[in-house]
Amino acid sequence: MSKINGNDISQNKEPKFSIAKPHDLSPRSQWLREYYFKGVEREWNNQYMPFTTGTDWDLIFEEGNLYIVPESYLYLGNKGKGAIESSMRSMAPTIKLPDSFWESTLPERRVIFFEKAMLDYTPQEIISDNDLIAGGRFQTQLSKCFTEKEAKKFWKENLKNRKAIFKFHNSGFGNLGAIGGHLIPDYETIIKKGFKVVYGKAKSKYEQLSQKEKKGPKGQELRAIIRAAEIPKKLAKKYAEECKHLIGEASTPERAKELEQMAQNLERVPWEPAETFWQGVQSLWLIHMLTIAEESYPGAGTSFGRTDQYLWPLYKKDVIDEKIITKDFAKDILGSFWFHCNTIYDAQIMVGRQGITSGFGQLMTLSGCDSNGEDLTNELTYIILEVIDEWSPILEPKPNVRLHRNSPDRLLNIIVEMISRSQGAPFLINFDERAIAGLLREGIPKEDAWNYACVGCLENTMQGNDRSGTVNCNPNLAKSIEMTLWNGKNMPGNIKKPWAKKGEQFGPKSGDPEKFTTWEEFWNAWKEQIKHIIKYTVNIYNMSEEIRAKYIPTPYVSALVRGCIEKGLDVRNGGPELRFITIEGVGFATTVDSLLAIKRLVYDEKKYSISQIKDALLHNFEGDEYIVIQSVLKNKAPKYGNDADEANEMARKVMEIWTEETWKYKTPTEFQFRPGMLSWNYWAGADAGLTVATPDGRKAGTFLSNAICPTNGVDKKGPTAVTNSVGFAIGGKTPQGEYINYLPNGASHTITFNPSILRDPEHKDKFKSYLKGYIENGGTCLQVNMLDADLLKDAQKHPEEYPNLLVRVTGYNAYFTAIGKELQDEIIARESHRM
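About the thresholds
Residues numbered from 1 in each chain as written. Predicted model: local features only at pLDDT ≥ 70, side-chain atom pairs only at ≥ 80, totals over all residues. Heavy atoms only, no water. Pairing = 2+ DSSP bridges. Helix = DSSP H or I, 4+ residues; strand = E, 2+ residues; numbered from the N terminus. Axes fitted to C-alpha atoms, helices over the stretch in contact; angles between N-to-C directions. Contact = heavy atoms within 4.5 Å. Expected span 1.5 Å × (residues − 1). Buried < 20%, exposed > 50% of the residue type's maximum accessible area, 1.4 Å probe, protein only. Polar contact = N/O pair within 3.5 Å; in protein donor to acceptor, adjacent residues only side chain to side chain. Phe/Tyr/Trp six-rings, centres within 6.5 Å; stacked < 30°, edge-to-face > 60°. pLDDT = per-residue confidence, 0-100. Salt bridge = Lys/Arg side-chain N within 4 Å of Asp/Glu carboxyl O.

1. Here's the deal with the sheet that holds strand β13 (residues 672–676)
Part 1 of the reasoning: On the basis of which strands lie adjacent, the open sheet formed by four strands has the order β5-β11-β12-β13 and mixed pairing. Two strands in the sheet have a free side with no partner beyond their single neighbour: β5 (174–176) and β13. Within the sheet, the average angular offset between the axes of one strand and its neighbour, ignoring direction, is 30 degrees.
Part 2 of the reasoning: Where strand β11 (residues 466–475) and strand β12 (residues 578–584) come together, five bridges link them in parallel fashion. Paired with S468 across the bridge in β12 is F580.
Part 3 of the reasoning: Against the sheet, helix α19 (residues 519–551) contacts β5, β11, β12 and β13, and its axis sits at roughly 130 degrees relative to β11.

2. Quick look at the environment of L601
Part 1 of the reasoning: Here L601 lies in helix α22 (residues 588–604).
Part 2 of the reasoning: Between the C-alpha atoms of L601 and A637, which are 36 residues apart in sequence, the distance is 7.1 Å.
Part 3 of the reasoning: Among all residues touching L601, those that are not within four sequence positions of it are K606, K607, Y608, V632, L633, K636 and A637.

3. Some remarks on helix α9 (residues 253–268)
Two residues of an α-helix separated by three or four positions point the same way, owing to the 3.6 residues in each turn.
Part 1 of the reasoning: The terminal C-alpha atoms of α9, which comprises 16 residues, lie 23 Å apart, in line with the 22 Å expected from a rise of 1.5 Å per residue.
Part 2 of the reasoning: Looking only at α9, the buried set comprises R255, A256, E258, L259, M262, A263, N265 and L266.
Part 3 of the reasoning: Packed against the buried residues of α9 are α1 (27–36), α8 (217–247), α10 (277–295) and α13 (327–342).

4. Considerations on the environment of Q796
Part 1 of the reasoning: Note that Q796 resides in helix α29 (residues 789–797).
Part 2 of the reasoning: Residue classification places Q796 among the partly exposed positions, given a relative accessible area of 25%.
Part 3 of the reasoning: Residues in contact with Q796, not counting those within four places in the same chain, are F816, K821, Q824, D825 and I828.
Part 4 of the reasoning: Engagement of the side chain of Q796 in a polar contact is seen with the side chain of D825, the distance being 2.9 Å.

5. Some points on the packing of aromatic side chains
Part 1 of the reasoning: Per the counting criterion, the structure on display carries 40 aromatic pairs.
Part 2 of the reasoning: Between W312 and Y315, the aromatic rings sit 6.2 Å apart at their centres with planes inclined by 25 degrees, giving stacked as the arrangement. Within this pair, W312 and its partner Y315 are both found in helix α12 (residues 312–321), separated by three residues, close to a single helical turn. Exposure class is identical for W312 and Y315. Each is buried.
Part 3 of the reasoning: Relative to F767, the ring of F753 lies with its centre 5.3 Å away and its plane at 85 degrees, an arrangement referred to as edge-to-face. Separated by 14 residues along the polypeptide, F753 in strand β14 (residues 748–753) and F767 in helix α28 (residues 761–777) bring together distant segments of the chain. The residues F753 and F767 share a single accessibility class, namely buried.

6. What about the side chain of Q282?
Part 1 of the reasoning: In this fold, Q282 is placed in helix α10.
Part 2 of the reasoning: If we skip the residues at most four places from it in the chain, Q282 touches L132, I133, A134, L266 and V269.

7. Details of the confidence of the model for the protein chain
Part 1 of the reasoning: In this model, the protein chain carries an average pLDDT of 93, and 96% of its residues clear a pLDDT of 70 or more.
Part 2 of the reasoning: Counted against residues more than four places away or in other chains, residues 1–11, with its pLDDT under 50, gives 21 contacts.

8. Topic: the pattern of salt bridges
Part 1 of the reasoning: Enumeration according to the criterion identifies 54 salt bridges in this entry.
Part 2 of the reasoning: In this structure, E62 and R572 form a salt bridge, with 3.5 Å as the shortest nitrogen-oxygen distance. Of this pair, E62 sits in the loop between β3 (49–51) and α2 (83–91) while R572 sits in the loop between α21 (564–567) and β12, and the two are 510 residues apart along the sequence.
Part 3 of the reasoning: Here E62 falls in the buried class, since its relative accessible area comes to 6%.
Part 4 of the reasoning: For R572, a relative accessible area of 1% corresponds to the buried category.
Part 5 of the reasoning: As a salt-bridge pair, R255 and D129 come within 3.8 Å of each other at their nearest N and O atoms. With a gap of 126 residues between them, R255 in helix α9 and D129 in the loop between α3 (106–120) and β4 (140–142) connect regions that are remote in the sequence.
Part 6 of the reasoning: For D129, a relative accessible area of 40% puts it in the partly exposed group.
Part 7 of the reasoning: Connected via shared salt-bridge partners are R28, D129, R255, E258 and D332.

The following block contains the structure:
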């Protein structure tokens, strides 16, 4: 019996409100989609497959991947004895290793183990007669292959690192950790030239090393990459053999021909360049799933790049020029790809609605401009959008559509139509001019920056040569207000033992604000505290980055990122050509509105003293006297998001100060820190719960503001005003009209509209005009919720009637009935705009 939050969904009633449904699917795609949504009732799934070396000291689970998920800290335990690692160990078969295994270096041991796990211990299955793409199980949890000595050193360093990270979080500063995923491997090169090119390059580089270098770290890494580069060819061969075996069991002659062609595809790709569209998609999936498998990280942010661009020549040849396959068959090939992308959620399929229902973010970037600003939309762009529309609602892959000044009306019309039929928009909308300005700011050459794509939720990166930790550091910007008001200390009573001590000096002594007589004094004290928070973030994070680089290499991923072979360095150890770590500021509007309230009500109007403000915060606005103060703070101070000059200017200054601070720092592995604004769930979850009351009128423990969005409910002047505030805060434009972007990694702007705004052609034209206005005056990325609050309230009461209701949370969609009530309430409370 299928359930959501304990409710039977096996016989769903018709909901009171209509919601988006899949439509116009071919019989093959419809079968695959329905089979996927059987969930735990499927006879096949892609759950975690842990593997061990069998040693007493073995470590399987990479706990650092969960450091940015504070809710998971409880399960980590001590030295591999926590619930997660213990479960993995109990499930894991021991892989039979070569006799010389322990004599090999760590990178080589890692790749030998990876190869054995994928080729000899993971079944090679074709999921069904309807599947056109090979590549089923990939959710591995792989041994870290430590010797006993390495394990002891790792735990000594990691426990020190863990303690520092837990203190950082539990003291209210946010969360951080070096995690996997969040990159675009060089899939384009593999599809166009084949993996044999990577193999040849690595082998040639190794042969150029001196004998001393061959015995050192460079030689170790290159030998591991050389071996890793052959794994896709070997795995494809095994899948080809399975296809050939199934030909004799085929249900129809047509299916026998399909299996024969699948075998031929796999005998060619990904080792050789793809010659057909079918081969291109097959090659893409196989090398992608291996990327996820080696990192033992369930896909979060491991993204495809500009798929409609690098697959377009193959599609054009097969479908348009030579008519080898029909458009409908090409859509069925993509439908199989869609099915496989979604099986990533099988990893935790037993714990809820299709497992973890939102965060994996295999992003696919569509459309966009070239180096001259000309549009690159093609027929494959539109075909992929058709597949997205027909398969929705579904979570993966997450499409990102790039818009710009020269985007064609046909594309804009399709986007508006798709949004009108959705709840949580089926894609993100990225805006090229603003995004490219940010990439130029971080040093990407102008001739390259146009070819960016997005990973994870919305983070802007380059393709194939960029490994950037796009969500690794998430400081709570609102903490700076508390630190300023209490002179570098936590607010009295805001002590979480054993992580913080009473009276502990976390930040600099920036002065007693009760003695400040001018706004400038308070402002300068705040600047000291926010700069310290950035520095503190960097110092704690660097421990995590250094440990991962030293102990957990990934030679296969390194083979797919340009720069690693050339340098003989792992992708986690400074190998990529482009290397960044993003500091994603959380609680931006909460911080801005708090500063605006203090400036207006304490220093400009002198209605309250700093002492009175602090007293109200200490009492969490409870009691008649403090309720009045809270009301004044909420309603009589300027608020970011209404296109008002004073608030806009404050937002821009705050943005400029904290973002400029990030550029001062690098990791020990030569990754440059840079700014972004994503927030994921932190504004609503763990970080919000540890944030004291703030001078914008927010009570302790309640939601912070989300990414670059205004605080919920304060944006009273409509979507255009919000857009203008966002665009100004992120940098605005120069007097010459050139875009400025303080956030090169991107900024999440989620906005909710009432469905009535798209009820007729006139309103759809207005919405299209709004998108064109956003290109000129908005931020880097827009995410639209087309939602009626009454519909959401009904879904809360009757979740069994709305199992597939998707909503846009921040950088991702989630099933509304599968998220917690607090987050549901937050989405319901968002301002629902009309045009």
